[in-house]
Amino acid sequence: MAKPDVGGAIRGALLTADPAAKVMAARRVARDWRLGRLAFAFEDAMPAQPARPGRPELLPPKEMPRRGKGGSDRGRIALWHALAHIEFVAIDLALDMAGRFGGEMGPAFVGDFLAIAADEAMHFAILNRHLVALGSHYGAHPAHDGLWQAAEATAHDVAARLAVVPMVLEARGLDVTPATIERARSQGDAAGVRILERILDDEIRHVAVGVKYLNAFAKREGLDPKNLWISLVRRHFPGGLKPPFNDSARSSAGLSLEACAALAS
Ligand SMILES: [Fe+2]
Ligand SMILES: [Fe+2]
């Protein structure tokens with residue numbers, strides 16, 4: 001019997017709305033690909049929008065309730081909820097990268113981004129478990145709906161997608177996570193510290209995968225990778241990057257600190 005195609009399996013995971021089911025679907029497609037159970041074929045287009053659960057309610061970023069500085073329980077839970085939402089959307093961003101651009105970029109690219117989708121599924125699951133331990137759960141608070149916009153804006157162009165999603169959005173996580181780790185530590189939240197340290201390590205690798213493929217793309221086109229990144233970010237992410245940067249994490253991921261400085265808003 002012919003193997004099912006990887007594009008269809010990815011599309012199925014993108015169209016899974018229930019959070020626990022999406023976690024399982026993303027991990028399953030990554031595992032099936034790794035074990036050679038799926039064919040390198042993409043018959044169906046990826047959906048413009050992945051399926052979303054009925055909860056959380058999605059609000060425009062400006063309408064999100066303010067989290068405040070808070071050591072309050074409410075403020076703490078709102079923070080973990082926001083992180084869980086970022087990871088939930090990150091599952092779909094990695095799946096969409098593999099499914100939308102895998103055909104042109106090749107099997108290694110598919111494998112790398114499906115492994116990232118499985119990491120994001122794990123990040124979401126451990127954050128949701130932490131929320132449950134704090135007496136809440138994913139879906140209990142509103143979440144902001146801005147995270148898919150970058151995917152839509154770059155749906156036509158793999159170089160633009162790489163430049164913006166791993167190399168700007170995920171790289172932003174490298175800058176802000178150390179302060180969140182310190183906050184969790186000061187609250188005596190040892191489990192939270194461990195979760196965030198693991199996520200930070202994984203995210204350095206995710207950014208590095210983006211850098212690797214954008215550099216390969218630049219080489220193939222005979223372009224300078226640093227200038228290519230700068231021009232793609234200027235065109236597709238006009239707000240620019242927000243310093244201060246985590247220089248050591250950014251350079252471990254292979255980002256050019258000179259280019260980061262040139263893009264600082
Ligand atoms: Fe993540
Ligand atoms: Fe990531």
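Residues numbered from 1 in each chain as written. Chains lettered and ligands numbered in written order. Predicted model: local features only at pLDDT ≥ 70, side-chain atom pairs only at ≥ 80, totals over all residues. Heavy atoms only, no water.

1. What to know about the nonpolar core
Our working rule: What we call a nonpolar core is a set of buried Ala, Val, Leu, Ile, Met, Phe, Trp, Tyr and Cys residues that are connected through their side-chain atoms within 4.5 Å. To sort residues, take the accessible area from a 1.4 Å probe on protein chains only and compare it with the maximum for the residue type: under 20% means buried, over 50% means exposed, and anything in between is partly exposed. We count a stretch as a helix when DSSP gives it H or I for four or more residues in a row; a strand needs E for two or more, and each element gets its number in order from the N terminus.
One finds Ile10, Leu95, Phe109, Phe113, Leu114, Leu214 and Trp229 to be the most contacted residues of the largest nonpolar core, which totals 73 residues. Of all the secondary-structure elements, those providing two or more residues to this core are α1 (6–14), α2 (19–34), α3 (73–105), α4 (107–133), α6 (158–186), α7 (190–221), α8 (225–236) and α10 (257–263). Grouped together as the second largest cluster of nonpolar side chains are 8 residues, Leu147, Ala150, Val164 and Val165 included.

2. Some points on the coordination of the iron ion (ligand 2)
Under the convention used in this document: Metal donors were taken as nitrogen, oxygen and sulfur atoms no farther than 2.8 Å from the ion, or 3.2 Å where the ion is Na, K or Ca. Water is excluded, so coordination may look unfinished.
At the metal site, the iron ion (ligand 2) is ligated by Glu120 (OE), Glu170 (OE), Glu203 (OE), Glu203 (OE) and His206 (ND1), and these contacts range over 1.9 to 2.8 Å. In the primary sequence, the donor residues of the iron ion (ligand 2) line up as E-x49-E-x32-E-x2-H. The distance between the iron ion (ligand 2) and the iron ion (ligand 1) is 3.6 Å, with glutamate 120 acting as a donor to both metals. With glutamate 120 in helix α4 and glutamate 203 in helix α7, the pair connects residues that are 83 residues apart, well separated along the chain. Take glutamate 120 and glutamate 203: they sit in the same class, and that class is buried.

3. Some points on the packing of aromatic side chains
This is how the line gets drawn: Stacked, tilted and edge-to-face pairs are distinguished by plane angle, under 30 degrees for stacked and over 60 for edge-to-face with tilted covering the rest, among Phe, Tyr and Trp rings (Trp via its six-membered ring) whose centres lie within 6.5 Å.
In this structure the tally under the stated criterion is 8 aromatic pairs. A ring pair is formed by tryptophan 33 and phenylalanine 40, whose centres lie 6.4 Å apart and whose planes are at 55 degrees; its orientation type is tilted. Relative to tyrosine 213, the ring of phenylalanine 113 has its centre 6.2 Å away and its plane inclined at 45 degrees; by these criteria the two rings are tilted. Residue phenylalanine 113 is located in helix α4, and its partner tyrosine 213 is located in helix α7; the two are separated by 100 residues in the primary sequence. The same class applies to phenylalanine 113 and to tyrosine 213, which are both buried. Three or more aromatic residues link up through ring pairs in this structure, and these residues are Trp33, Phe40 and Phe42.

4. Remarks on the coordination of the iron ion (ligand 1)
Six octahedrally arranged donors around a metal ideally form angles of 90 or 180 degrees; four tetrahedrally arranged donors ideally form angles of 109.5 degrees. Glu87 (OE), Glu87 (OE), Glu120 (OE), His123 (ND1) and Glu203 (OE) make up the full set of protein donors to the iron ion (ligand 1), lying at 1.9 to 2.8 Å. Here the donor residues of the iron ion (ligand 1) share one chain and are spaced in sequence as E-x32-E-x2-H-x79-E.

5. A few points about a positive patch on the surface
Inclusion rule: Distance thresholds for patches are 9 Å for like charges and 5 Å for nonpolar side chains (Val, Leu, Ile, Met, Phe, Trp, Tyr), applied to residues having over 30% relative accessible area and no salt bridge. Note that accessible areas follow from Shrake-Rupley with a 1.4 Å probe, and for residues the cover is restricted to the protein chains shown. Salt bridges, as used here, are contacts in which a Lys or Arg side-chain nitrogen is within 4 Å of a carboxyl oxygen on Asp or Glu. His residues and chain termini do not enter the charge count, which takes Lys and Arg as positive and Asp and Glu as negative. Where a charge lies is defined by one atom per residue type: Lys uses NZ, Arg uses CZ, Asp uses CG and Glu uses CD.
Taken together, the side chains of Arg27, Arg28, Arg31 and Arg34 present a region of like positive charge at the surface. Relative to the elements of secondary structure, arginine 28 occurs in helix α2. Judged by its relative accessible area of 40%, arginine 28 is partly exposed.

6. Concerning the environment of proline 19
The criterion, for reference: Note on definitions: a residue-residue contact is assigned when non-hydrogen atoms from the two residues lie within 4.5 Å.
One can find proline 19 in helix α2. For the pair proline 19 and phenylalanine 124, spaced 105 residues apart in sequence, the C-alpha separation works out to 8.9 Å. The residues touching proline 19, leaving out its near neighbours within four places in the chain, are Pro53, Phe88, Phe124 and Tyr138.

7. A few points about the side chain of histidine 123
Position of histidine 123 relative to the elements: it lies in helix α4. For histidine 123, a relative accessible area of 0% translates into the label buried. Not counting residues within four places of it along the chain, the set of residues in contact with histidine 123 comprises Glu87, Ile199, Asp202, Glu203 and His206.

8. Looking at unusual backbone geometry
That bond from arginine 55 to proline 56 is cis: its omega, 0 degrees, falls within 30 degrees of zero. Mapped onto the elements of the fold, proline 56 is located in the loop between α2 and β1 (58–59). The step from proline 243 to proline 244 runs through a cis peptide bond, and the omega angle for that step is 0 degrees. Structurally, proline 244 can be placed in the loop between α8 and α9 (247–252).

9. Comments concerning the packing of α4 against α7
Describing two packed helices takes the angle between their axes plus the distance from one axis to the other. Counted only if it meets this: Working convention: axes come from line fits to C-alpha atoms, limited for helices to the stretch in contact. Angles between N-to-C directions cover 0 to 180 degrees. An angle below 35 degrees is treated as roughly parallel, one above 145 as roughly antiparallel, one from 65 to 115 as roughly perpendicular, and anything else as oblique. If you view the pair so one helix is near and one far, a crossing is left-handed when the near helix is turned anticlockwise from the far one by less than a right angle, and right-handed when it is turned clockwise.
For the pair α4 and α7, the least separation of the axes is 11 Å and the interaxial angle reads 160 degrees. As far as their axial angle goes, α7 and α4 are roughly antiparallel. Between α4 and α7 the crossing geometry is left-handed. Between α4 and α7, the contacting residues are Ala108, Phe109, Asp112, Phe113, Ile116, Asp119, Glu120, Met122, His123, Ile126, Leu127 and His130 on the first element and Ala191, Gly192, Ile195, Arg198, Ile199, Asp202, Glu203, Arg205, His206, Val209, Lys212 and Tyr213 on the second.

10. Here's the deal with α3
Selection rule: In this scheme, a helix's expected span is set at 1.5 Å multiplied by one less than its residue total. Bend, in this description, refers to the angle at a residue between axes fitted to the seven residues ending there and the seven starting there.
Across its 33 residues, α3 extends 45 Å between first and last C-alpha, which sits within 8% of the 48 Å expected from 1.5 Å per residue. The largest bend in α3 comes to about 35 degrees, at glycine 99. In terms of residue burial, α3 counts as a mostly covered element, since 24 of its 33 residues are buried. Of the residues flanking the end of α3, it is glycine 106, one or two places downstream, whose phi is positive at about 105 degrees.

11. Focus on the side chain of glutamate 87
Here is the rule we go by: Pairs of N or O atoms are called polar contacts if they sit within 3.5 Å, as long as, within protein, a hydrogen donor faces a hydrogen acceptor (for residues adjacent in sequence, only side-chain-to-side-chain pairs).
For glutamate 87, the position within the fold is in helix α3. Among buried charged residues, glutamate 87 stands out as having no salt bridge; its nearest opposite-charge side chain is arginine 198, 9.8 Å away. Engagement of the side chain of glutamate 87 in a polar contact is seen with the side chain of histidine 123, the distance being 3.2 Å. When residues no more than four places from it in sequence are discounted, the contact partners of glutamate 87 are Glu120, His123, Phe124, Leu127, Ile199 and Glu203.

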